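# Results of the structural survey
Given next are the chains, with one letter for each unit.
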Amino acid sequence: MSNDLWLALLATALGTLLIRLLPLLWMQRRLRRLDGADGIEAMPRWLSLLGPMMVAAVLGVSLVPDRLDAIGWLATGIGVLATLVVWYRRRSLGWPVVAGVTAFGLVEVLAALP
Amino acid sequence: MIDQATSAPSRAWLSGVREAFPLLGGYVPVAISFGLIAVQAGLTAWEATLISTLIYAGASQFLLIGMIAGGAPLWLAVAMTLLLNVRHAVYGPNLAPWLDRSRWWLVLMHGLTDQVFALAHHRLPQLPEAQRLGWFTGAALLAWTSWILGTLLGALAGDWLMARWPLLGEILPFALPALFLVLVAPRCTSKRWSLALMISIGVAMLCSLVGYTNIGIPIAAACGALCFTLVRFTPEAPHE
């Protein structure tokens, strides 16, 4: 790789780190200024709303299947259903994911059978 | 898994590793794809791995390699990549109330991807303060390591892997939506929250379907937040 390309990669890496780091430092300073206030209360309202909404948005984009046909959507729907049912019963992180992937995989495998 | 509270700070990182395990289902296949594409674009396996180690930002790595391979000016490739990563700016502040003053957090922010944030945002408030640094270190290191090793694997043997187990690459990534679903579901504590979260999910899906996946994330989050602000149900639930 050329030197220019290496410089571009390093600039991207540094920029990405700063995007993740600087807002944290800003918020930590804000929390220190409001010493004594509850952390969540000290957070701007819009920011505390954006956190859960970003997670929901990441869920949304990851729900769109790679194969945009009936099988893809059916596998996704059944995977979602299996995940939710197991989460409702166990309220844990691991087993619902196992159930969801298994259900999703079963539909994909069955659909691939000749 | 979540019910098994860690009993000592020294075990916290193990708990983080265990709870981040579902992320691997999404990370490894995508990292293998990245390694494969980077090599096809003319990079060596080590260069591809170094990019994953240093930049560590999923989709934007694909964009960067695509633009470089397509002959775009380097400054434009860097700018577009950083623009894609701007959404990460809201993650750190959302975790700040649960972070102590340890300097390690500054280094660990390198590992604050979409997925690690989603997991940490759910889990850190539930953990005792003494265990949070260890938990995050375990979770973030597992995710980072899997991304790096997945890239190396893809660069060295991606062609063979994709030909040998084509379905595996399609099935395992469902671990990501399944995990996010488990992280979002407990937040549906009222009609107001449920509607706002559903709007966010729906808009993100629409954006992804029309090809604007990454810009769709902040747009969808803003729509959800706007919905939460504007729409009120009466009577209000007491926990709001």
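Residues numbered from 1 in each chain as written. Chains lettered and ligands numbered in written order. Predicted model: local features only at pLDDT ≥ 70, side-chain atom pairs only at ≥ 80, totals over all residues. Heavy atoms only, no water.

Another aspect to go through is the overall build of chain A. Across its full length, chain A carries 5 helices and 0 strands. Sequence-ordered secondary structure for chain A, helices as α and strands as β, is α-α-α-α-α. For chain A, whose C-alpha radius of gyration is 21 Å, the value lies well above the compact-globule estimate of 13 Å for 114 residues. C-alpha extents for chain A along the principal axes are approximately 60 × 50 × 20 Å. Looking at chain A residue by residue over its 114 residues, the buried ones come to 51%. Look at the contacts in chain A between residues 6 or more apart in sequence, and 31% of them connect residues 24 or more apart. As displayed, chain A has an accessible area near 6000 Å², and 65% of this comes from carbon and sulfur atoms. Where the 10 positive side-chain charges of chain A centre and where its 7 negative ones centre are 9 Å apart. (Helix = DSSP H or I, 4+ residues; strand = E, 2+ residues; numbered from the N terminus. Rg over C-alpha atoms; globule rule 2.2 N^0.38 Å. Buried < 20%, exposed > 50% of the residue type's maximum accessible area, 1.4 Å probe, protein only. Contact = heavy atoms within 4.5 Å. Areas by Shrake-Rupley, 256 points an atom, 1.4 Å probe, with all protein chains shown as cover. Lys, Arg positive; Asp, Glu negative; His and termini not counted. Charge placed at Lys NZ, Arg CZ, Asp CG, Glu CD.)

This brings us to unusual backbone geometry. All names here are of chain B. Although it is not a glycine, Tyr56 sits at a positive phi angle of roughly 50°. Note that Tyr56 resides in the loop between α3 (45-54) and α4 (58-69). Taking the relative accessible area as the measure of exposure, Tyr56 reaches 1% and is therefore buried.

Of the residues in chain B, 93% reach a pLDDT of 70 or more, and the chain-wide mean stands at 86. Confidence drops under a pLDDT of 50 for residues 1-6 of chain B, and excluding neighbours within four residues, the segment shows 20 contacts in the predicted structure. (pLDDT = per-residue confidence, 0-100.)

Looking now at the domain arrangement of chain A. Taken domain by domain, chain A comprises domain 1 (1-49) and domain 2 (64-114). One C-alpha centre belongs to domain 1 of chain A, the other to domain 2 of chain A, and the line joining them spans 35 Å. (Domains from an automatic or database assignment.)

All right, on to the environment of A:Arg20 then. Within the fold, A:Arg20 resides in helix α1 (residues 3-33). Here B:Tyr56 takes part through its backbone oxygen, which lies 2.9 Å from a polar atom of the side chain of A:Arg20. Engagement of the side chain of A:Arg20 in a polar contact is seen with the backbone oxygen of B:His110, the distance being 2.7 Å. (Polar contact = N/O pair within 3.5 Å; in protein donor to acceptor, adjacent residues only side chain to side chain.)

Attention now goes to the environment of A:Pro65. Residue and element names in this part refer to chain A. Relative to the assigned elements, Pro65 resides in the loop between α3 (45-63) and α4 (70-90). You can call Pro65 buried: its relative accessible area is 9%. In this structure the C-alpha to C-alpha distance between Pro65 and Thr76, which are 11 residues apart in sequence, comes to 6.8 Å. Sequence-distant contacts of Pro65, that is, excluding residues within four places in its chain, are made with Gly72, Trp73 and Thr76.

This paragraph deals with the nonpolar core. Counting residues in each nonpolar core, the largest one holds 82 residues, and the members touching the most others are A:Met53, B:Leu23, B:Leu124 and B:Phe136. Here this core gets 12 residues from one element, more than from any other, and that element is α3(A). Of all hydrophobic cores here, the second largest spans 13 residues; its members include B:Leu43, B:Ala48, B:Ile51 and B:Ala77. (Core = buried A, V, L, I, M, F, W, Y, C linked by side-chain atoms within 4.5 Å.)

Residues spaced three or four apart along an α-helix face the same direction, because each turn holds 3.6 residues. Here helix α9 (residues 129-164) of chain B contains 36 residues, and its C-alpha end-to-end distance of 46 Å is more than 12% below the 52 Å for a straight helix at 1.5 Å per residue. Of all the bends in α9(B), the greatest, near 90°, is centred on B:Ala157. (Expected span 1.5 Å × (residues − 1). Bend = angle between axes of the 7 residues up to and from the residue.)

This part is about α4(A). If you check α4(A), its first and last C-alpha atoms are 30 Å apart, about what 21 residues at 1.5 Å a residue would give, namely 30 Å. A:Gly72, A:Ala75, A:Thr76, A:Gly79, A:Val80, A:Ala82, A:Thr83 and A:Trp87 are the residues of α4(A) that are buried. Buried residues of α4(A), seen end-on, are gathered within an arc of 170° and therefore sit on one face of the element. Of the residues in α4(A), the exposed ones pointing more than 90 degrees away from the buried face are A:Ala70, A:Leu81, A:Tyr88 and A:Arg89. Check the buried side of α4(A) and you find it contacts α3 and α5 (94-112) of chain A together with α11 (175-184) of chain B. A:Arg91, located one to two residues past α4(A), shows a positive phi value of around 50°. (Arc of directions from axis to C-beta.)

A word on the packing of aromatic side chains. According to the stated counting rule, one finds 7 aromatic pairs over all chains in the structure shown. Relative to B:Phe174, the ring of A:Phe104 has its centre 4.5 Å away and its plane inclined at 10°; by these criteria the two rings are stacked. Residue A:Phe104 is located in helix α5, and its partner B:Phe174 is located in the loop between α10 (168-171) and α11; the two belong to separate chains. As far as the burial class goes, A:Phe104 and B:Phe174 line up, both buried. (Phe/Tyr/Trp six-rings, centres within 6.5 Å; stacked < 30°, edge-to-face > 60°.)

Glancing now at the interface of chain B and chain A. Every contact between the two is made by 82 residues of chain B and, on the other side, 69 residues of chain A. Between chain B and chain A, roughly 6500 Å² of surface is buried when both sides are summed, and carbon and sulfur atoms account for 82% of that area. Where chain B packs against chain A, one counts 0 salt bridges. One can count 6 residue pairs in polar contact (both at pLDDT 80 or more) joining chain B with chain A. Partitioning the side of chain B that touches chain A into residue classes produces 59 nonpolar, 14 polar and 9 charged. (Buried area = accessible area lost by both parts, 1.4 Å probe. Salt bridge = Lys/Arg side-chain N within 4 Å of Asp/Glu carboxyl O. Nonpolar A, V, L, I, M, F, W, Y, C, P; charged D, E, K, R; others polar.)

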